[in-house]
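Architecture at a glance
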Amino acid sequence: MDSTTTGIWPSILSIAYLIGSVTFIIGLKMLSNPASARKGNLIAAAGMFIAIVGTIFLYEENGEKLGNYGWIFGGLLIGSVVGVLAAKKVKMTAMPEMVSMFNGMGGACAMLISIVEFNHLVHGGAAINVVAGFKALIAGAEFDAFTNVTGKLLVILLGLIIGSVSFAGSVIAWGKLNGKIKDFAFKGQHIVNLLVLGVIVILMVWLLVSAHQTSTSDVSFNLEINNSSIHLNSGGALAGLSAGFYIILALSVAYGILFVMPIGGADMPVVISLLNSFTGVAAACGGFLYNNPVMLTGGILVGSAGTILTILMCKAMNRSLKNVLIGSFGATATGGGAAKEFGNYKEISISDAAVVLRYASKVMIVPGYGLAVAQAQHVCHELEKLLEDHGVEVNYAIHPVAGRMPGHMNVLLAEADVPYEKLEEMEQANAAMASTDAVLVLGANDVVNPAAKNDPASPIYGMPILEVELAKMVIVNKRSMKPGYAGIENELFFQPKTSMLFGDAKSVLQQLVAEVKAL
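Worth saying up front: this structure is predicted, and the values here are computed from it rather than measured.

How each quantity is defined
- Residues numbered from 1 in each chain as written.
- Predicted model: local features only at pLDDT ≥ 70, side-chain atom pairs only at ≥ 80, totals over all residues.
- Heavy atoms only, no water.
- Helix = DSSP H or I, 4+ residues; strand = E, 2+ residues; numbered from the N terminus.
- Buried < 20%, exposed > 50% of the residue type's maximum accessible area, 1.4 Å probe, protein only.
- Contact = heavy atoms within 4.5 Å.
- Areas by Shrake-Rupley, 256 points an atom, 1.4 Å probe, with all protein chains shown as cover.
- Phe/Tyr/Trp six-rings, centres within 6.5 Å; stacked < 30°, edge-to-face > 60°.
- Arc of directions from axis to C-beta.
- Pairing = 2+ DSSP bridges.
- Core = buried A, V, L, I, M, F, W, Y, C linked by side-chain atoms within 4.5 Å.
- Axes fitted to C-alpha atoms, helices over the stretch in contact; angles between N-to-C directions.
- pLDDT = per-residue confidence, 0-100.
- Salt bridge = Lys/Arg side-chain N within 4 Å of Asp/Glu carboxyl O.

What follows concerns the overall build of the chain. Tallying secondary structure elements over the chain gives 19 helices and nine strands in all. Residues classed as buried in the chain amount to 48% of the 519 residues present. Here the contacts in the chain between residues at least 6 apart in sequence split such that 79% fall between residues at least 24 apart. Here the chain displays about 24100 Å² of accessible surface, and carbon together with sulfur accounts for 64% of that area.

Each pair of aromatic rings is reported with the distance of its centres and the angle of its planes. Within the structure shown, the criterion is met by ten aromatic pairs. Judged by centre distance (6.1 Å) and plane angle (50°), the ring pair of F184 and F186 falls under tilted. The exposure class of F184 is partly exposed, given its relative accessible area of 45%. On the accessibility criterion, F186 (33% relative accessible area) is partly exposed. When the ring of F259 is compared with that of F278, the centres are 6.5 Å apart and the planes differ by 55°; the resulting orientation is tilted. Taken together, the residues span a long stretch of sequence, with F259 in helix 9 (residues 242-260) and F278 in helix 10 (residues 268-290) at a distance of 19 residues. By relative accessible area, which is 18% here, F278 ends up buried. Taken together, the aromatic side chains of F57, Y69 and F73 make up a single cluster linked through ring pairs.

Let us now look at helix 13 (residues 350-358). Taken together, the buried positions of helix 13 are I350, A353, A354, L357 and R358. Buried positions in helix 13, seen along its axis, are confined to an arc of 130° and lie on one side of it. Buried residues along helix 13 sit against strand 4 (362-367), helix 15 (377-389), strand 7 (438-442), strand 8 (474-478), strand 9 (498-502) and helix 19 (505-518).

Buried residues dominate strand 7, accounting for five of its five residues. In strand 7, alternate side chains face the same way, and those of A438, L440 and L442 on one face and V439 and V441 on the other are all buried. The pairing of strand 4 with strand 7 spans five bridges and is classified as parallel. From the neighbouring strand, P367 faces strand 7, where its bridge partner is L442. Pairing of strand 7 with strand 8 involves four bridges; the strand directions are parallel. Among the inter-strand pairings, V441 is bridged to a residue of strand 8, identified as V476.

Turning our attention to the nonpolar core. Counting 45 residues, the largest nonpolar core has L157, F245, I248 and F259 as the members making the most contacts within it. Going through the elements one at a time, helix 4 (95-124), helix 6 (147-177), helix 7 (189-218), helix 9 and helix 10 are the ones with two or more residues in this core. Among the elements that take part in this core, helix 6 stands out by supplying twelve residues, more than any other. V363, V379, L387 and L509 belong to the second-largest nonpolar core, a separate cluster that totals 39 residues.

Further remarks concern the sheet that holds strand 5 (residues 393-398). Here we have six strands laid out as an open sheet, ordered 6-5-4-7-8-9, and parallel in their pairing. Two strands close off the open sheet at either side, each with one partner strand: strand 6 (423-425) and strand 9. Neighbouring strand axes in the sheet, compared pairwise and without regard to direction, differ in orientation by 25° on average. Sheet analysis places strand 8 next to strand 9, joined by five bridges and oriented parallel. When the bridges of strand 9 are listed, N477 appears paired with L501. On the sheet, helix 19 packs against strand 7, strand 8 and strand 9 and is oriented at approximately 105° with respect to strand 9.

Glancing now at the confidence of the model for the chain. For the chain, per-residue confidence averages 82 on the pLDDT scale, and residues scoring 70 or more make up 82% of the total. Confidence drops under pLDDT 50 across residues 127-138; counting only partners more than four residues distant or on other chains, this segment forms 19 contacts. A low-confidence stretch, residues 219-233 (pLDDT under 50), is modelled with 41 contacts involving residues beyond four sequence positions or located in other chains.

This brings us to the pattern of salt bridges. It is possible for side chains bearing opposite charge to pair when their charged atoms get close. Enumeration over the complete set of coordinates arrives at eight salt bridges. Measuring nitrogen to oxygen at the nearest pair gives 3.8 Å for the salt bridge that ties E467 to K453. One end of the pair, E467, is in the loop between helix 18 (451-454) and strand 8; the other, K453, is in helix 18, and 14 residues separate them in sequence. Under the relative-accessibility criterion, E467 is labelled partly exposed at 22%. The class of K453 is partly exposed, set by a relative accessible area of 34%. A salt bridge links K453 to E469; the nearest nitrogen and oxygen atoms lie 2.8 Å apart.

In structure tokens:
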């Protein structure tokens with residue numbers, strides 16, 4: 001909020017921003033538990049609504065309101081309608097694509113803010129605080145009038161670069177998740193990615209130095225005194241830097257495309273989390289530009305939470321964050337040994353699978369993307385309750401990257417009211433596998449593939465998995481023997497303790513429920 005505003009409205013607006021910031025923090029805390037996540041989301045949304053309404057009606061600069069209400073409410077109406085319709089119509093299987101697209105729109109907003117503010121800086125000049133200047137002069141110190149220009153340009157460039165990378169990368173991720181864009185990599189791509197990133201950094205430094213030098217040596221001191229600020233119309237001096245600015249924009253978009261294109265397999269959830277953190281940081285840059293505490297708080301929360309989640313997921317998958325940034329993360333292996341022959345797999349009937357589950361003492365269910373595709377989470381919960389009624393201990397083993405986005409399986413099972421305490425993280429579930437009588441794998445593939453431990457030539461080698469092969473018996477439900485998202489064969493399916501139960505997950509589970517009831 002501008003320091004030149006007066007009256008009671010700025011104070012009320014500050015309170016609205018404070019309420020918004022506090023609700024963001026409370027909402028994020030509540031999102032950590034599926035039982036309170038829905039309420040936390042609503043609380044944070046209410047805080048955002050208060051901040052938006054406050055900005056529209058209470059914000060003043062030099063005694064003037066925002067204006068342009070037609071454009072503002074038109075944009076709000078269109079965005080709200082599109083958002084509500086998309087959220088209501090989206091299927092759980094398409095949720096990762098929606099998250100990626102919405103995240104990309106956040107990056108695009110940050111990118112556009114930077115473009116608008118750069119043009120404003122070029123054509124409108126910079127504001128200098130008179131009081132600070134006079135204090136410095138009286139003290140006999142040097143006062144750099146153009147520190148404000150350089151500092152603002154730095155924030156603009158950071159928002160431009162990070163927002164552009166997030167936007168372009170999220171759009172590519174959206175296309176890859178819905179199957180419209182295939183993985184693509186070429187020899188030496190890592191080097192190209194590093195070169196592009198290096199050129200972006202060099203151009204940014206050059207632009208900042210040039211802006212400072214140009215402003216201090218070539219500015220026309222046409223001063224407009226307004227309250228406690230002096231506006232220097234230095235636009236003509238900075239206009240020559242526009243070409244460098246838009247080159248940075250183009251390279252940032254190219255980098256966003258290049259570093260996501262080769263990524264595939266089970267690594268996509270980590271990339272979505274990383275891009276989400278980028279969008280948060282870009283939004284925080286917008287908060288700096290507009291001196292807006294609620295934008296700053298929201299951006300910092302999203303950026304820090306996304307970064308922490310990315311690091312945790314990289315650790316869980318035994319991956320390097322450095323490789324994420326240079327674009328070698330999750331790239332499909334091009335080398336490796338010859339294709340292996342695993343032998344034959346064996347099938348199990350619905351009735352036999354029902355007997356195994358009904359008379360087991362301990363059952364572990366491993367949900368995967370196939371469960372989401374079939375929308376079978378409710379009937380899965382029904383089977384779980386039915387088995388528990390017969391004295392069977394039932395829990396769920398959750399891999400950190402199961403599905404297509406972070407927490408995909410947690411959200412899916414929470415929708416079916418599965419108790420949160422029944423969801424076991426990978427380390428906890430693996431520790432219990434040896435004492436488990438039967439594991440029911442529902443549409444999971446890469447996250448239970450022993451090749452991650454046994455085959456150095458495998459593209460998923462080194463990724464921690466759910467060690468379901470340690471259980472006494474494994475029942476795998478799949479539509480077919482088609483490979484998973486990583487595109488590789490799963491040797492688990494051919495092991496002696498594993499039996500395949502083919503069919504749509506929802507149909508198979510419904511039949512299992514009927515068979516168990518009949519026993």
